[in-house]
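So the chains spell out like this:
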Amino acid sequence: MEKILKINKRIVASILCICLAFAFAPSLEVKAAANDNIQAVAAVFDEAYYATMYPDVAANANGSPLYLLNHYVNCGIYEGRNASATFNATDYKTKNPDLVALYGDNLIAYVYHYVHMGASEGRDATPTVGGGIEVPRQLTLLGVYATEYDPTAARATNIALAAASVNGTVVAPGKTFSANSAIGPRSTANGYVTAPVFINKEHAMGLGGGICQVSSTIYAAMKVAGIPATERHAHSLPVNYLPAGWDATISWGSLDMKFVNRYDKNMVIYMNTNNGILTAALYLQN
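Residues numbered from 1 in each chain as written. Predicted model: local features only at pLDDT ≥ 70, side-chain atom pairs only at ≥ 80, totals over all residues. Heavy atoms only, no water.

J.: Help me out: how do you make sense of the sheet that holds strand E8 (residues 277–285) in this one?
T.: The pairing of strands in a sheet happens through backbone hydrogen bonds and is either parallel or antiparallel. Read from one edge to the other, the open sheet built from 4 strands follows the order E1-E8-E7-E2, with strand pairing classed as antiparallel. In this open sheet, the two edge strands, each paired with only one partner strand, are strand E1 (139–148) and strand E2 (169–171). In this sheet, adjacent strand axes meet at a mean angle of 20° when their direction is disregarded. Set on the sheet, helix H9 (residues 155–166) makes contact with E2, strand E7 (267–274) and E8; between it and E7 the angle comes to about 155°. On top of the sheet, helix H11 (residues 211–225) reaches E1, E7 and E8; it is set at about 135° to E1, its chief contact. (Pairing = 2+ DSSP bridges. Helix = DSSP H or I, 4+ residues; strand = E, 2+ residues; numbered from the N terminus. Axes fitted to C-alpha atoms, helices over the stretch in contact; angles between N-to-C directions. Contact = heavy atoms within 4.5 Å.)

This is the structure:
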């Protein structure tokens, strides 16, 4: 009975952790918080290690390293899980009591501190359990970016559909990625709905409104990775989910967002939607 109660408590904690995660996030502007969180965590996260250490999470990931990264940001860090063989936020807090007065129980803040200061200061972030275990990495993260949207709005349906279509796309060496080709036609038969769009510098309604946030988030991840676009078009009006110059609008049959894989290995594009957070990540196969 005691074992069952422990398991049930873990299940409840996992369900609640997504809601609690952002309550403990650093004091940032709402638009920046999700991306700043994932950028900081990406610097210490090892998806191969995480999958090996936590098979319960890996079983639901379907091979997606981005799922694992998002799990740690939204849940794992609050469950005391290791981000890698060299970093555990809870242990970093315990080993560095001088930081507690500054950050309290804000675990993401400890990640920020380690990435931007602690590592260079030689502070110890090694997990007390599971530290030092080396696991060969099958993928190397090139760039990741997260944008926010209203999960209750009609455009959320289109964002989820488009992101799912792109998720797992493999771009072979020398080949071109096309956002339009990866997403496919925007039609009611494919599940797309009418939502706000920009047309000639005016707000309007159109089928598939919102998919440009998908292409734009990929483009933002490309900029982080230093991957140039071979085709990219700015929106006719500013978007509220990215800085100026980081967006990429697309239109079926005309405007596209493209890049060429200039590496000698396959690139894989992963996308994830979770409670109003859209994340795009570019990985290189090792």
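Still more ground to cover, so stick around.
J.: So what exactly am I meant to see when it comes to the pairing of E7 here?
T.: Within a regular strand, the side chains alternate between the two sheet faces. Counting buried positions along E7 yields 6 of 8 residues, so the element is predominantly enclosed. One ladder, built from 3 bridges, connects E2 with E7; its direction is antiparallel. Residue pairing for E7: Val170 is matched across the bridge by Val268. As judged from the 8 bridges shared by E7 and E8, these two strands associate in the antiparallel manner. Bridge assignment links Thr273 to a residue of E8, and that residue is Leu278. (Buried < 20%, exposed > 50% of the residue type's maximum accessible area, 1.4 Å probe, protein only.)

J.: Please explain the pattern of salt bridges as it appears in this structure.
T.: Pairs may arise between side chains of opposite charge once their charged atoms sit close together. Taken as a whole and assessed by the stated rule, the structure comprises 10 salt bridges. Asp247 is the salt-bridge partner of Arg232, the closest N and O atoms lying 3.2 Å from each other. Here Arg232, found in the loop between H11 and strand E6 (258–260), pairs with Asp247, found in the loop between H11 and E6; they are 15 residues apart in sequence, far enough to count as distant. For Asp247, a relative accessible area of 7% translates into the label buried. Among the ionic contacts, a cluster of salt bridges with common partners joins Asp46, Glu47 and Arg137. (Salt bridge = Lys/Arg side-chain N within 4 Å of Asp/Glu carboxyl O.)

J.: Mind showing me how you'd approach the layout of surface pockets here?
T.: To find the voids left in a structure, one rolls a probe of water-molecule size over its atoms. There is about 770 Å³ of room inside the largest pocket. Lining the largest pocket are 33 residues, and of these Arg155, Pro196, Val197, Gly210 and His235 lie nearest its centre. For the lining of the largest pocket, the secondary-structure elements that each account for two or more residues are helix H2 (30–42), strand E4 (194–199) and H11. Examining the composition of the lining of the largest pocket, we find that 4 residues originate from one element, E4, more than from any other. (1 Å grid on protein atoms, 1.4 Å probe; cavity = no way out; pocket = protein on both sides within 12 Å on 5 of 7 lines; lining within 4 Å. Points joined across faces, edges and corners; volume = space filled by probe spheres on them.)

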